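These are the residues of each chain, in order.
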Amino acid sequence: MENIKSYIDTHRDRFISELIELLKMPSVSADPAFSQDVLNTADAVKNALERAGCDHVEICETPGYPIVYGEKIIDKTLPTVLVYGHYDVQPPDPIDLWESPPFEPIIKETELHPEGAIFARGACDDKGQMYMHVKALEYMTQTGNLPCNVKFMIEGEEEVGSESLEWFIINSREKLSNDVILISDTGMIAKDVPSITTGLRGLSYVEVEVIGPNRDLHSGLYGGAVANPINVLNKMIATLHDENNHITIPGFYDKVDELSVEERAEMEKAPFSLEDYKKALAINDVYGEKDYTTNERSSIRPTLDVNGIWGGYIGEGAKTIIASKASAKISMRLVPHQDWREITDLFQAYFESLAPAGVKVIVKPHHGGHPYVTPIDSTGYQAASRAYEETFGKTPIPQRSGGSIPIVSLFEKELKSKTILMGFGLNSDAIHSPNEHYGIWNYLKGIETIPYFYKYFTELSR
Ligand code: BES
Ligand code: MN
Ligand code: MN
């Protein structure tokens, strides 16, 4: 494995240009206008896996977007690593806030990335991180350093709830059998503070609609006499948190796994600067649930947030109306052992109960997923930890993340294996935001670190 650094040096430019080609493809799964691009991206991933040394690659059709499956089985008695990633990306909106077009990748230097970062939608989430695994495989197969079997499962619906993947897993248990699942679709604390993600939050995503009169009304003739759906919706939403920023839905916290004083103290040790945090977001203060730190609020505590809200007149000038309806999209991030379906039901019952006479309320559940936590004494975690020690010269810190990859808990349930989350992104990479980017240093460091995971996982599994 001594030659990994020189292999990366030799092929650096090609590794970068291949990723750039992939980033030019607008694989936006949320918007049907891009469906052909999503399908083309699946083909590109298939070709990349073939070139990187998989023996068998196929596009697996599903009721939705296909899953790209690839494998290289060198010896059935050796362990098998299953790599998961996604080739779909978030919509690029709002486009005007991008400094360069989202699907015309460019390399720019930033304060954090003097080596340059690739700016494009999907650069970090997840094409850049997924492609590190493809290039790590290339290195291992080209140099005779693949110590075990490998399978790839790259999906195209992660950003919209992984519905087809759920169907695929349940129907392909045999094909997907593995000893550990490896994912790079999370972040690390800082370039000089490697970390391994040990937890993900679950999610319940709902849309609500408050319906009032049968048409938009003159706000002078009717205002004050009929329920205004926008006023009512806002009041209902405001009721969902109390003065301490606790969520008021009855039963919401019943199953929340409360961390011990010791566990919380352990978390506090992770390096974190509140000043830098505020500065990076240009806010004068943080805000959240009473008695919890910023790190806790964004990882081990459940949340409820409005993601979008609309209704009434938002065009130029003033138009005096009472809108006939108003809507909002609401997400709840969940922690162990909250059950997303149960939480969705609790939300629905409570939200409906908040509606005053004079309006009708519709709650439409979208998608959800269970939270995930993984222990740090598993073979997979130990192998990952050693891999980082090798390439960063430091022991990585276990860190629970606030984000969600809902399918991970299903992997454990259906495939009975642990997932190791080796993320190389940074919070400042602006995933889901305009000007998403991924540091070239991070990209290459990921490619360098991944083969060591295979090496140590195989050694430790003996
Ligand atoms: N890769 C992210 C999740 C993530 C990012 C986890 C950073 C931890 C750190 C993933 O693509 C994502 O965006 N997930 C969605 C959920 C999905 C159902 C739309 C999320 O977390 O909002
Ligand atoms: Mn992702
Ligand atoms: Mn994402």
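About the criteria used
- Residues numbered from 1 in each chain as written.
- Chains lettered and ligands numbered in written order.
- Predicted model: local features only at pLDDT ≥ 70, side-chain atom pairs only at ≥ 80, totals over all residues.
- Heavy atoms only, no water.
- Near = heavy atom within 4 Å.
- Polar contact = N/O pair within 3.5 Å; in protein donor to acceptor, adjacent residues only side chain to side chain.
- Nonpolar A, V, L, I, M, F, W, Y, C, P; charged D, E, K, R; others polar.
- Domains from an automatic or database assignment.
- Phe/Tyr/Trp six-rings, centres within 6.5 Å; stacked < 30°, edge-to-face > 60°.
- Helix = DSSP H or I, 4+ residues; strand = E, 2+ residues; numbered from the N terminus.
- Buried < 20%, exposed > 50% of the residue type's maximum accessible area, 1.4 Å probe, protein only.
- Lys NZ or Arg CZ within 6 Å of the ring centre and 35° of its normal.
- Donors = N, O, S within 2.8 Å, 3.2 Å for Na, K, Ca; no water.
- Tetrahedral: all angles 85-135°; square planar, octahedral: opposite > 155°, others 65-115°.
- Contact = heavy atoms within 4.5 Å.
- Pairing = 2+ DSSP bridges.
- Axes fitted to C-alpha atoms, helices over the stretch in contact; angles between N-to-C directions.
- Disulfide = S-S within 2.5 Å.
- Parallel < 35°, antiparallel > 145°, perpendicular 65-115°, else oblique.
- Left-handed = near helix turned anticlockwise from the far one by under 90°.
- Core = buried A, V, L, I, M, F, W, Y, C linked by side-chain atoms within 4.5 Å.

**Some remarks on the site of ligand 1**
Part 1 of the reasoning: In the region of ligand 1, 17 residues are neighbours, and Glu-158, Asp-185, Arg-333, Ser-404 and His-432 sit closest.
Part 2 of the reasoning: Side-chain polar atom of Glu-158 to an oxygen atom of ligand 1: 2.6 Å apart, as the coordinates give it.
Part 3 of the reasoning: Contact distances for ligand 1 include 2.8 Å between a nitrogen atom and a side-chain N or O atom of Asp-185.
Part 4 of the reasoning: The residue makeup of the shell around ligand 1, split by class, is 5 nonpolar, 7 polar and 5 charged.
Part 5 of the reasoning: If you count residues domain by domain, the shell around ligand 1 takes at least three from each of domain 1 (4-200 + 371-460) and domain 2 (202-256 + 302-369).

**Thoughts on the packing of aromatic side chains**
Part 1 of the reasoning: Overall, the coordinates contain 13 aromatic pairs when judged by the stated rule.
Part 2 of the reasoning: For the ring pair Tyr-7 and Tyr-139, a centre distance of 5.5 Å and an interplane angle of 65° mean the geometry is edge-to-face. Here Tyr-139 lies in helix α3 (residues 127-142) and Tyr-7 lies in helix α1 (residues 4-23), a separation of 132 residues in the sequence. Neither residue differs from the other here; Tyr-7 and Tyr-139 are each classed as buried.
Part 3 of the reasoning: Ring geometry for Tyr-388 against Phe-424: centres 5.5 Å apart, planes inclined by 20°, an arrangement best described as stacked. Of this pair, Tyr-388 sits in helix α10 (residues 379-392) while Phe-424 sits in the loop between β17 (419-421) and β18 (437-439), placing them 36 residues apart in sequence. Per residue, the accessibility class of Tyr-388 equals that of Phe-424, and both read buried.
Part 4 of the reasoning: Among the aromatic residues, those joined into a ring-pair cluster are Tyr-388, Phe-392, Phe-424 and Trp-441.
Part 5 of the reasoning: Positioned above the aromatic ring of Tyr-69 is the side chain of Lys-175, whose terminal nitrogen or guanidinium carbon lies 4.9 Å from the ring centre.

**With respect to the coordination of the manganese ion (ligand 2)**
Octahedral metals with six donors have ideal donor angles of 90 or 180 degrees. Tetrahedral metals with four donors have an ideal donor angle of 109.5 degrees.
Part 1 of the reasoning: For the manganese ion (ligand 2), the full set of protein donor atoms is His-86 (NE2), Asp-125 (OD), Asp-185 (OD) and Asp-185 (OD), at a range of 2.0 to 2.5 Å.
Part 2 of the reasoning: One can describe the site at the manganese ion (ligand 2) as irregular: its 6 donor atoms subtend angles covering 56 to 165° at the metal.
Part 3 of the reasoning: In terms of primary sequence, the donors binding the manganese ion (ligand 2) are separated according to H-x38-D-x59-D.
Part 4 of the reasoning: Residue Asp-125 is classed as buried on the basis of its relative accessible area of 7%.

**Things to note about the environment of Asp-55**
Part 1 of the reasoning: Within the element layout of this structure, Asp-55 appears in the loop between α2 (35-52) and β1 (56-60).
Part 2 of the reasoning: Apart from residues no more than four positions distant in its own chain, Asp-55 is found in contact with Glu-71, Lys-72 and Ile-73.
Part 3 of the reasoning: A polar side-chain atom of Asp-55 sits 3.2 Å from a polar atom in the side chain of Lys-72.

**Regarding the sheet that holds strand β9 (residues 202-211)**
Part 1 of the reasoning: One open sheet holds the 4 strands; their spatial order is β11-β13-β9-β14, and the pairing between them is antiparallel. Each edge of the open sheet is held by one strand with a lone partner, namely β11 (303-311) and β14 (360-369). On average, each strand axis in the sheet is tilted by 15° relative to the strand beside it, whichever way the strands run.
Part 2 of the reasoning: Bridging between β9 and strand β13 (residues 325-334) involves 10 bridges; their strand directions are antiparallel. The partner of Glu-207 across the bridge, within β13, is Lys-329.
Part 3 of the reasoning: Across the sheet, helix α5 (residues 229-238) lies against β9, β11, β13 and β14, angled at about 15° from β13, the strand it touches most.
Part 4 of the reasoning: Its contacts with the sheet place helix α9 (residues 340-353) against β9, β11, β13 and β14, and it is angled at close to 165° to β14.

**Digging into the state of the cysteines**
Part 1 of the reasoning: Summed over the entire model, instances satisfying the criterion amount to 0 disulfides.
Part 2 of the reasoning: In this structure Cys-54 is not part of a disulfide, and its nearest cysteine sulfur, from Cys-60, lies 12 Å away.

**Observations regarding the coordination of the manganese ion (ligand 3)**
Part 1 of the reasoning: Within the protein, the atoms that donate to the manganese ion (ligand 3) are Asp-125 (OD), Glu-159 (OE), Glu-159 (OE) and His-432 (NE2), at distances of 2.0 to 2.5 Å.
Part 2 of the reasoning: Taken together, the 6 donor atoms surrounding the manganese ion (ligand 3) define angles of 56 to 152° at the centre, an arrangement classified as irregular.
Part 3 of the reasoning: Every donor residue of the manganese ion (ligand 3) comes from the same chain, spaced as D-x33-E-x272-H.

**Some points on the packing of α1 against helix α12 (residues 440-461)**
Part 1 of the reasoning: Orientation of α1 relative to α12, taken along the N-to-C sense of each, is 130°, at an axis distance of 10 Å. Between α1 and α12, the angle is such that the two are oblique. Handedness of the crossing formed by α1 with α12: right-handed. Between α1, through Ile-4, Lys-5, Ile-8, Arg-12, Phe-15, Ile-16 and Leu-19, and α12, the contact on the second element is made entirely by Ile-440, Tyr-443, Leu-444, Ile-447, Glu-448, Pro-451 and Tyr-452.

**Considerations on the sheet that holds strand β5 (residues 117-119)**
Part 1 of the reasoning: Strand order in the open sheet formed by 3 strands is β4-β5-β18, and the pairing between neighbours is antiparallel. Of all strands in the sheet, those bounded by a partner on one side alone are β4 (106-108) and β18. If you compare each strand with its neighbour and ignore which way they point, the axes differ by 30° on average.
Part 2 of the reasoning: Here β4 pairs with β5 via 3 bridges, running antiparallel. Looking at β5, one finds that Ile-107 is bridged to Ile-118.
Part 3 of the reasoning: Of the strands in this sheet, β4 and β5 touch α1, which is tilted by about 20° from β5.

**A closer look at the side chain of Thr-344**
Part 1 of the reasoning: Position of Thr-344 relative to the elements: it lies in helix α9.
Part 2 of the reasoning: What makes Thr-344 buried here is its relative accessible area of 5%.
Part 3 of the reasoning: Setting aside residues up to four positions removed in sequence, Thr-344 forms contacts with Ser-204, Val-206 and Pro-365.

**Describing the nonpolar core**
Part 1 of the reasoning: Core analysis: the biggest nonpolar cluster contains 65 residues, and Val-81, Tyr-87, Phe-152, Met-422, Tyr-443, Phe-453 and Tyr-454 have the highest contact counts within it.
Part 2 of the reasoning: Residue assignment for this core shows that the elements contributing at least two residues are α1, α2, β3 (80-86), α3, β6 (149-155), β7 (180-183), α10 and α12.
Part 3 of the reasoning: At 10 residues, the largest contribution of residues to this core is made by α12.
Part 4 of the reasoning: Sequence-distant contacts of Tyr-454, defined by excluding residues within four places in its chain, comprise Val-81, Val-83, Met-140, Leu-146, Pro-147, Cys-148, Val-150 and Leu-182.

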